[in-house]
Amino acid sequence: MTLSDASYFFPEGFRQFWTHEIKIGELTFTALSLLFGFVLLTILVLVVRSVKYFLSRRALPRIGLAHGAATAVGTLAGYLIFFIGLLIILPVMIPGFNLNTLSVVLGALSFGIGFGLRNVADNFFSGLIILIERPIKVGDRVEVSGVYGTVLAIGARSTIVHTNDNVDIIVPNSQFISDQVTNLSHADRDVRFKVPVGVHYESDPRVVEKALLEAGAECPDVLKNPPPSVRFMGFGDSSLDFEVRVWSNTLCEK
């Protein structure tokens, strides 16, 4: 089918709408080029997600890289692919777009960052620092803002921390750089848990200690070495207060 044949099927106004050139400075684009560019951007996003998933979940763990490190490498690779793809798509989407135009856009972005996007930029670059330096990584058990939780994901703007109450906390990345954060599993996956237990005043302390030790030893997530221990903490208002102390390298991931 030739263009002359296609004119029978598509009205002149319809074709003019999609091919009409719009100029803004040195940039020239059409509705068709924008549509094609958005399609390419959608494909690029899907490719980036697939690459991140393949690297962090399949390829890198198979060569022995830890889950947190694999996630960091996959995320950085995704950023790099997205940036390169964007440089390829923009000239197709907006004919006339070049490096000089890119410098103008970056200048405008820096101006906008200085006024209204400073927090967004801080969180983005803080996220890059987290992925490169890895003070925290996916799977780490951390304490932030007085709440304990497990790092589920590190994004471009924020980090998701999952607490024991089955609540996801969205923490800005800059908070992990500027504030003090406790990482319970930074260098070692073994984490000690302290579980307070109160019993009746008439309870036999030796029987209580034996029962608590047996309960700790029967838990499949508790390490055998070092073994569970029980400490008597004092006399409470209405109970004898004990504390069970156990070590685990799997509970810290929950």
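Structure: above.
Keep in mind that this is a model prediction, so the values were computed, not measured. (Residues numbered from 1 in each chain as written. Predicted model: local features only at pLDDT ≥ 70, side-chain atom pairs only at ≥ 80, totals over all residues. Heavy atoms only, no water.)

Caption draft 1: Focus on the layout of surface pockets. Here the second largest pocket defines a volume of roughly 260 Å³. Taken together, 15 residues form the lining of the second largest pocket, with Lys52, Ser56, Arg57, Thr71 and Thr75 sitting closest to its centre. Taken together, the elements giving at least two residues each to the lining of the second largest pocket come down to helix 3 (31-62), helix 4 (67-93) and strand 4 (147-154). Top element by residues in the lining of the second largest pocket is helix 4. It accounts for five residues. Residue classes in the lining of the second largest pocket are distributed as seven nonpolar, six polar and two charged. (1 Å grid on protein atoms, 1.4 Å probe; cavity = no way out; pocket = protein on both sides within 12 Å on 5 of 7 lines; lining within 4 Å. Points joined across faces, edges and corners; volume = space filled by probe spheres on them. Helix = DSSP H or I, 4+ residues; strand = E, 2+ residues; numbered from the N terminus. Nonpolar A, V, L, I, M, F, W, Y, C, P; charged D, E, K, R; others polar.)

Caption draft 2: Broad picture of the pattern of salt bridges. By the definition in use, this model includes two salt bridges. One salt bridge in this structure joins Lys137 and Asp140, with 3.4 Å as the shortest N-O distance. Residue Lys137 is classed as buried on the basis of its relative accessible area of 14%. (Salt bridge = Lys/Arg side-chain N within 4 Å of Asp/Glu carboxyl O. Buried < 20%, exposed > 50% of the residue type's maximum accessible area, 1.4 Å probe, protein only.)

Caption draft 3: Structural view of the environment of Arg58. With respect to the helices and strands, the residue Arg58 is situated in helix 3. Considered as a pair, Arg58 and Ala70 are 12 residues apart in the sequence and their alpha carbons are 9.2 Å apart.

Caption draft 4: The arrangement of the environment of Tyr201 in detail. Tracing the sequence through the fold places Tyr201 in the loop between strand 8 (191-199) and helix 8 (205-218). Among the residues examined, Tyr201 registers a relative accessible area of 39% and is labelled partly exposed. Setting aside chain neighbours within four positions, we find Tyr201 in contact with Phe235, Gly236, Asp237, Ser238, Ser239 and Leu240. In terms of polar contacts, Tyr201 uses its side chain to reach the backbone carbonyl oxygen of Gly236, at 2.5 Å. (Contact = heavy atoms within 4.5 Å. Polar contact = N/O pair within 3.5 Å; in protein donor to acceptor, adjacent residues only side chain to side chain.)

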